[in-house]
Amino acid sequence: MKITVQICSGTACYVMGGAELLSISEHLTPDELEQVDIKGIMCLGLCENYNPNTPYVKIDDEIIKNVTIETLTERIRLAIKAKAEK
Ligand code: FES
């Protein structure tokens, strides 16, 4: 089963960096891309009052905050590695 990467594309996350995160596939290798299912989703409901933790991404069941393209790349690689070790 693929690792699910859900990038919050609601307004608060989108304007705070989520837009850039949607290009994550350009930062992954073809092998890595085969193991993940990446999609933009509607507001995760965590951005109340435009809190400073946006943008959010959900990787499988884990929510990560203040995501940058670098941290997202790293977290996806860690998730792939953890899955391979299971
Ligand atoms: S816009 Fe991302 S949690 Fe609401």
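What counts and what doesn't
Residues numbered from 1 in each chain as written. Predicted model: local features only at pLDDT ≥ 70, side-chain atom pairs only at ≥ 80, totals over all residues. Heavy atoms only, no water. 1 Å grid on protein atoms, 1.4 Å probe; cavity = no way out; pocket = protein on both sides within 12 Å on 5 of 7 lines; lining within 4 Å. Points joined across faces, edges and corners; volume = space filled by probe spheres on them. Helix = DSSP H or I, 4+ residues; strand = E, 2+ residues; numbered from the N terminus. Nonpolar A, V, L, I, M, F, W, Y, C, P; charged D, E, K, R; others polar. Pairing = 2+ DSSP bridges. Axes fitted to C-alpha atoms, helices over the stretch in contact; angles between N-to-C directions. Contact = heavy atoms within 4.5 Å. Buried < 20%, exposed > 50% of the residue type's maximum accessible area, 1.4 Å probe, protein only. Arc of directions from axis to C-beta. Expected span 1.5 Å × (residues − 1). Core = buried A, V, L, I, M, F, W, Y, C linked by side-chain atoms within 4.5 Å.

A. How the structure looks around the layout of surface pockets. Considered as a void within the structure, the largest pocket measures approximately 210 Å³ in volume. Taken together, the elements giving at least two residues each to the lining of the largest pocket come down to β1 (3–8) and α3 (69–85). The element best represented in the lining of the largest pocket is α3, accounting for three residues. The residue inventory of the lining of the largest pocket, partitioned by class, reads four nonpolar, one polar and four charged.

B. Region of interest: the sheet that holds strand β3 (residues 57–59). Taken in spatial order, the four strands line up as β2-β1-β3-β4 in an open sheet, and their pairing is mixed. The sheet is open, and its two borders are formed by β2 (36–41) and β4 (62–64), each paired with just one other strand. Geometrically, the sheet is characterised by an average inter-axis angle of 20° between neighbouring strands, direction not taken into account. The strands touched by helix α1 (residues 11–21) within the sheet are β1 and β3, with β1 carrying the most contacts at an inclination of about 140°. In the packing of α3 onto the sheet, the strands contacted are β1, β2, β3 and β4, and the crossing angle to β1 comes to about 160°.

C. Main features of α1. Of the residues making up α1, those classed as buried are A12, C13, G18 and L21. End-on view of α1: buried residues confined to an arc of 40°, all on one side of the axis. Away from the buried face of α1 by more than 90 degrees, exposed residues T11, V15 and M16 are located. Where α1 is buried, its residues touch β1, β3 and α3.

D. Just α3, in detail. Taking 1.5 Å as the rise per residue, α3 with 17 residues should run 24 Å; its terminal C-alpha atoms sit 24 Å apart, in good agreement. Of all the residues in α3, the buried ones are I69, L72, T73, I76, A79 and I80. Mapping the buried residues of α3 onto a view down its axis gives an arc of 125°, with all of them on the same face. Away from the buried face of α3 by more than 90 degrees, exposed residues E70, K81 and E85 are located. In this fold, the buried residues of α3 make contact with β1, α1, α2 (30–34), β2 and β3.

E. Just the nonpolar core, in detail. Membership of the largest hydrophobic core comes to 16 residues, with the highest contact counts inside it found for V5, V57, I59, L72 and I76. Secondary-structure elements contributing two or more residues to this core are β1, β3 and α3. Ranked by residue count, the leading element in this core is α3, at five residues.

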